[in-house]
Amino acid sequence: MTLLARWQQLLGIRPEEGRTVGLFFLHNFLLGIGTILVYVSANVLLLENHPERNLPLAYGVAALLMMAAGKVYAHFEHHLGLQRVAVRVLLAVVVLTAVLGVLVAVGHSVLAAIAIMAGYRVIYLLTNLEFWGVSAVVFDVRQSRRLFSVISSGDMPAKALGAVLAILIHHHTELLWLLLTAFGAYLGALLVLQATGRSHLVEARSAARALRAETVAPRLQRWFGSSRLVLTMCLSMLAIAAVTTGVEYSFFVNVKHRFHDQALVMRYLGSVLAVTYLLALVFKLLLTSQTLDRIGFRGTLLALPATILVGLGLFGVFQSRGPNDGMMLYFCALFLALEVLRRAVFDPVFLVLFQPLPAHERLQAHTLAKGVYEPLGMALAGVLLFVVHGWLELGADITFAWMAALTLGALLLLYRTYGHYLAELQHAVSRRFSAPEAAPAPSSNGHTSAAANENVDAATLQQLLSELTDKTTRAAATERLVHLGEAALPALTEALRTSANEAIVRRAAYVCGQVRRPASRRILVELARQPGLLRREAALRALRNFEPEPTDAAVFHDLVQQELRLAQHLLHGQATTASAPLRAGLEYELSRSQQRLFGLLLQLYPPQLIADAQRGVQHAARERQANALEVLDNLIARSVYQALQTLLDVAPAAEKTRRLDALLGNLPQAVAIVHSIVEQGEETYSDWTLSVALRQWQPTPYTINRVLPHLRSLSPLVREAAFVVLEQFARNAPEGYQHLLAAQPTLATLTMNHHASTSHLSAQERVLLLKNTALFAATPENVLSSIVPIMKEVAFDDGQQIFAKGDLGASLFIVHEGEVGIFTGAQQLATFRSGDFFGELALLDAEPRSATAVAHGPVVAFRLDQEDFYDVMEERSEVLRNIMRVLCQRLRRQNEMVNR
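Residues numbered from 1 in each chain as written. Predicted model: local features only at pLDDT ≥ 70, side-chain atom pairs only at ≥ 80, totals over all residues. Heavy atoms only, no water.

Let's shift gears to the overall build of the protein chain. Looking only at helices and strands, one finds 38 helices and six strands in the protein chain. With 900 residues in all, the protein chain has 54% of them scored as buried. The long-range share in the protein chain, meaning contacts at least 24 apart out of those at least 6 apart in sequence, stands at 77%. Carbon together with sulfur atoms contributes 59% to the accessible area of the protein chain, which is approximately 39500 Å² in total. (Helix = DSSP H or I, 4+ residues; strand = E, 2+ residues; numbered from the N terminus. Buried < 20%, exposed > 50% of the residue type's maximum accessible area, 1.4 Å probe, protein only. Contact = heavy atoms within 4.5 Å. Areas by Shrake-Rupley, 256 points an atom, 1.4 Å probe, with all protein chains shown as cover.)

Here is the structure:
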């Protein structure tokens, strides 16, 4: 691993994010150089001219100009778009810096000093809005939590450098060189922004969402929008801005009183600022993500106001040490601590809070908080400071009293902000159109009460259970069992415990899920604890009809750990196997494990939130995925979330294995994945994965017995692969094979029966044939294996009609050998060859055929009948999703041809 890769791994930067993070870091670095140099220039002039009175005036004037600039920015952001506004903002900053240079050169009055300070604040606001506006649309909520601390740290070394330059300034005539350097830095930032625009789409795009359940009062929406999150954050920002302005004022004035010489003042201020920004850089790069993980999102959010309250409470302690040294040390420590926490912790978290909002609301909220309410807080502080110190000439006690009151208000608002943040996350992943649903509950339904007194004998129940496997009687038998309710539960319990028939297990579990009684829930919980994962999946599907029960929490927590261990074993197998088919099969098994994990979480946490999050992580939109992960991060146990996130991440198997090993510990015993699959069989793995593993397995005379159960599997894929293993063993170890035949007298007959029933095309070849058709190309082989049993091999002679125009369609055909022509009358519309399919619409409806199909020469094809296919789709929804995708693509292409 290279040094750069190690550094990126330490900071949480993924390889594909490296260039983007580098651009944003450089962009912020250049903005930081320009801004701090203007800041130094403004303070040099203001501290020369009665700072007690002029600093509050500068705060007030700067706040008014900032609010005006914020309004102008918001107007153009809405009308021009973010990319164009960002470029124009930097051009405006360059021009404004030049204007400030003129003021420094020709103006030496107090008004010029105030104008320069106000100009600095406006430049700071515009660069802040531009930088974070672009960041907010390029990064999603999960990336923002990982990366905002990193990219925002770009301005810290720049500001530390500016603070060092301030130490070297002895007269305001030297400030022109600082402003000239700032001018060049802003031009560099403009070039970096253009490079970012070329590699990323800098555009605020928002997907439509449902209406919020709770909104801001209508009379306040004009000022805050409809989100309560924005309301509380804007008011918090106002209070914190007022308090930090008061602390900055107290610090600067105290330094001015302590050092009367201007050079000493600037040297001291420069040293404190350099230390502050360097400490903030360290916090941002190394500590922020750890802090978020250890004390939680809400704790991190409250760290700044809590520190301010503690600092203000220490005012009396330091005041007792003397008017000079004690207060000097106090103000220095307070200013340094607040700046470090604000830059390193609060600002990145503040920016993350707005990420769940739709893109346009996100930008509006950021502009509102930074461009209106933060300047308003500065203006409030300027007025209070001017009244207390410049007009009434009261003591510092009054200033600390109003700062403490505002800080307490900010603390309460930020505490509520976290709840609004979670509500926005839930809103972001919820369905756009959904009617209010009654919460599922283990209570009786109408069928149960109606059948409470109905007598039914055991023979009738057994007959109903057997009818669940027959598609002609399945629906009626299911309805009757649900109608019987609790009377059917003993028979269902026995079937779920003893039946090896997958169809009976699935449908019996479904019936238990419909009989919403405590007894049926207990049956399903017991089913989920059984070894077979197919049984667990059936139980978890049925348990979706029930609310979580705290008494069962320990059971489901244990099952979660079992699933995570299985996923860890699968990842180890993926990372170590060289077989591409086996890796693909294990990937499908991992996806099944993820689905079971979500099913288990539904029984431990609020079901609607988990269901919305599950849909979100499977969504195609990156932003929706990120919001869903953020919901899970704030909802489920931290260790479980980290493991689930590892499974969901797009990363190499080896990397995911390393991360999961660090979370769960090493596997108790290392078992080769192929041996594990063969040993555990269809209880744990799908038939395709098992068949692939069997074909790679190299048995010995001591392990060959493990193949025997697979020879009698109901899956043609597994049986086929098991007999391949047996034939290879007979060739490689004839003596061992003879011992096996002697120990298993029925094995020879079983082998002959298998060879006698072998079809023209093997089950494995049928799966690969389906995979090579456009209709099923995106469907995993593990799913396609369920179609193999319903594939009917058919043959047609040259010129034979396969179906005629007007016939009721009920089958799809896949060509294996030969050619098929599609005609309407005498006109040939298309020709289909090996691997092509036709008649696919018949799988979804039974409308008359729109054309005639005729064999060109001998044809061998496979027919899929609609009725059989519906049974498969009932169990495997992925099949239907892929068919709909392909049909939509065809319809879209036809529409494009019509519109040309």
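Our next topic: the side chain of S691. Secondary-structure assignment places S691 in helix α30 (residues 687-696). Leave out the neighbours within four places in its chain, and S691 touches L717 and A721.

Turning our attention to helix α18 (residues 474-484). Think of an α-helix as 3.6 residues a turn; residues three or four steps apart then line up on the same face. Of the residues making up α18, those classed as buried are R474, A477, T478, L481, V482 and L484. The arc that holds the buried residues of α18, viewed along the axis, is 160°, so those residues lie on one side. Seen from the open side of α18, the exposed residues pointing more than 90 degrees away from its buried face are A475, A476 and E479. Phi turns positive, to about 65°, at G485, one or two residues after α18. (Arc of directions from axis to C-beta.)

Okay, the pattern of salt bridges next. Oppositely charged side chains may form a pair once their charged atoms are brought near each other. If you walk through the whole model with that rule in mind, you get 22 salt bridges. A salt bridge links E486 to R517; the nearest nitrogen and oxygen atoms lie 3.3 Å apart. In this pair, E486 is assigned in the loop between α18 and α19 (489-498) and R517 in the loop between α20 (502-514) and α21 (518-529), connecting sequence segments 31 residues apart. On the basis of relative accessible area, E486 is assigned to the partly exposed category, the value being 36%. For the salt bridge of R659 with D649, the shortest nitrogen-to-oxygen distance reads 2.6 Å. With R659 in helix α28 (residues 653-664) and D649 in the loop between α27 (638-648) and α28, this pair connects stretches of sequence that are 10 residues apart. For R659, a relative accessible area of 21% corresponds to the partly exposed category. (Salt bridge = Lys/Arg side-chain N within 4 Å of Asp/Glu carboxyl O.)

What follows covers the confidence of the model for the protein chain. With 85% of its residues at a pLDDT of 70 or more, the protein chain has an overall mean of 81. Of the regions scoring below 50 in pLDDT, residues 433-439 engages in two contacts with residues more than four places distant in sequence or in other chains. Segment residues 441-453: pLDDT under 50, and 26 contacts once partners within four positions in sequence are set aside and those in other chains are kept. (pLDDT = per-residue confidence, 0-100.)

Taken together, the side chains of V275, L279, V282 and F283 make up a nonpolar region of the molecular surface, amounting to roughly 290 Å² of accessible area. On the basis of relative accessibility, which here comes to 41%, the residue V275 falls in the partly exposed class. (Patch = residues over 30% accessible without salt bridge, like charges linked within 9 Å, V, L, I, M, F, W, Y side chains within 5 Å.)

Moving on, we get to the packing of aromatic side chains. Counted by the stated rule, this structure contains 11 aromatic pairs. Geometrically, the ring pair formed by F796 and F813 is edge-to-face, given 6.4 Å between the ring centres and 65° between the ring planes. With F796 in strand β1 (residues 792-796) and F813 in strand β3 (residues 811-824), the pair connects residues that are 17 residues apart, well separated along the chain. Given a relative accessible area of 12%, F796 falls into the buried group. Using a relative accessible area of 6% as the deciding quantity, one classes F813 as buried. Ring centres of F813 and F838 lie 5.4 Å apart, and the angle between their planes is 15°; this geometry places the pair in the stacked category. Taken as a pair, F813 in strand β3 and F838 in strand β5 (residues 837-838) lie far apart in primary sequence, 25 residues in all. (Phe/Tyr/Trp six-rings, centres within 6.5 Å; stacked < 30°, edge-to-face > 60°.)

Relative to the helices and strands, L273 resides in helix α11 (residues 262-313). Residues L273 and C332, 59 residues apart in the sequence, show an inter-C-alpha distance of 10.0 Å. Filtering out sequence-adjacent residues up to four positions away, L273 remains in contact with Y39, A163 and F335.

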